[in-house]
Amino acid sequence: MGGGREVSTSLDGLRDKNVMQLKKLNAALFPVRYNDKYYADALASGDFSKLAYYSDICVGSIACRLEKKESGAVRVYIMTLGVLAPYRGLGIGTKLLNHVLDLCSNQNIQEVYLHVQTNNDDAINFYKKFGFEITETVKNYYTNIDPPDCYVLAKFITPSQVKKITVQS
């Protein structure tokens, strides 16, 4: 991926026209199949779900769901965030997550959370860099994959507290 040439990465909104890209990415990235509700939630989240392009190739995505709590406050659930293996380590996942954290800060959304399989150390460490903490362990969360347990990782933010991770070139 080197060669000294600067290759651009860009984010694009998720729309009916490109949702098939998300379906293809998910099939390549995750050991679970997602139902129609997942895709409807991702589309309904508006700017909170994005596709990432590397040199005009779709290589990653973040898909979120907006949830209203009993208090009326909105929180963001990251349903999936993934980057195809050959494109990891280039800051694409960081760009996707920072995009969502910035939106949260700008819209005064104070809670972001997600589930991570207990053996996915790379993902756990990635989210911890952004200030996410393990808040709960859920036994038998997943069906048909081993281990079936997951952690809930959460980040509580105030508008001035979004921690940005910058990519060093």
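Since we're looking at a predicted model, the values are computed, not measured.

Engineer: When you look at the pattern of salt bridges in this model, what are you seeing that I'm missing?
Structural biologist: Opposite charge on two side chains makes pairing possible when the charged atoms of those side chains draw close. Evaluation of the coordinates by the stated rule reveals nine salt bridges. Note that Arg65 is salt-bridged to Asp41, the shortest N-O span being 3.8 Å. In this pair, Arg65 sits in strand S3 (residues 57–68) while Asp41 sits in helix H2 (residues 36–44), placing the two residues 24 residues apart along the sequence. One salt bridge in this structure joins Lys50 and Asp47, with 2.7 Å as the shortest N-O distance. Here Asp47 falls in the partly exposed class, since its relative accessible area comes to 36%.

Engineer: What exactly am I supposed to notice about the pairing of strand S5 (residues 111–117) here?
Structural biologist: Both faces of the sheet carry side chains from a regular strand, because those side chains alternate between them. Taken across its seven residues, S5 has seven buried, putting it largely inside the fold. Relative to S5, strand S4 (residues 74–83) runs parallel, the two being bridged by two bridges. Bridge pairing links Val76 to Val112 in S5. A crossover links S4 with its parallel partner S5, the connecting element being helix H3 (residues 92–106), and its sense is right-handed. In this structure, S5 lies alongside strand S7 (residues 150–156), joined through seven bridges in antiparallel fashion. Considered in S7, the bridge of Tyr113 is made with Ala154.

Engineer: Please explain the sheet that holds S7 as it appears in this structure.
Structural biologist: Hydrogen bonds along the backbone pair up the strands of a sheet, which may run parallel or antiparallel. Read across the sheet, seven strands follow the order S1-S2-S3-S4-S5-S7-S6 without closing on themselves; strand pairing throughout is mixed. Taken across any chain shown, the strands that pair with only one partner, and hence form the sheet edges, are strand S1 (9–13) and strand S6 (133–138). Shown here is a sheet whose adjacent strand axes are inclined to one another by a mean of 25°, direction ignored. Across five bridges, strand S2 (residues 50–54) lies against S3 in antiparallel orientation. Residue Leu51 lies in a different strand from S3, and its bridge partner there is Ser61. Relative to S3, helix H1 (residues 19–29) is tilted by about 100°, and along the sheet it contacts S2, S3 and S4.

Cut-off values and rules
Residues numbered from 1 in each chain as written. Predicted model: local features only at pLDDT ≥ 70, side-chain atom pairs only at ≥ 80, totals over all residues. Heavy atoms only, no water. Salt bridge = Lys/Arg side-chain N within 4 Å of Asp/Glu carboxyl O. Helix = DSSP H or I, 4+ residues; strand = E, 2+ residues; numbered from the N terminus. Buried < 20%, exposed > 50% of the residue type's maximum accessible area, 1.4 Å probe, protein only. Pairing = 2+ DSSP bridges. Right-handed = clockwise from strand over helix to strand, strands pointing away. Axes fitted to C-alpha atoms, helices over the stretch in contact; angles between N-to-C directions. Contact = heavy atoms within 4.5 Å.

The analysis is restricted to geometry; functional conclusions fall outside its scope.
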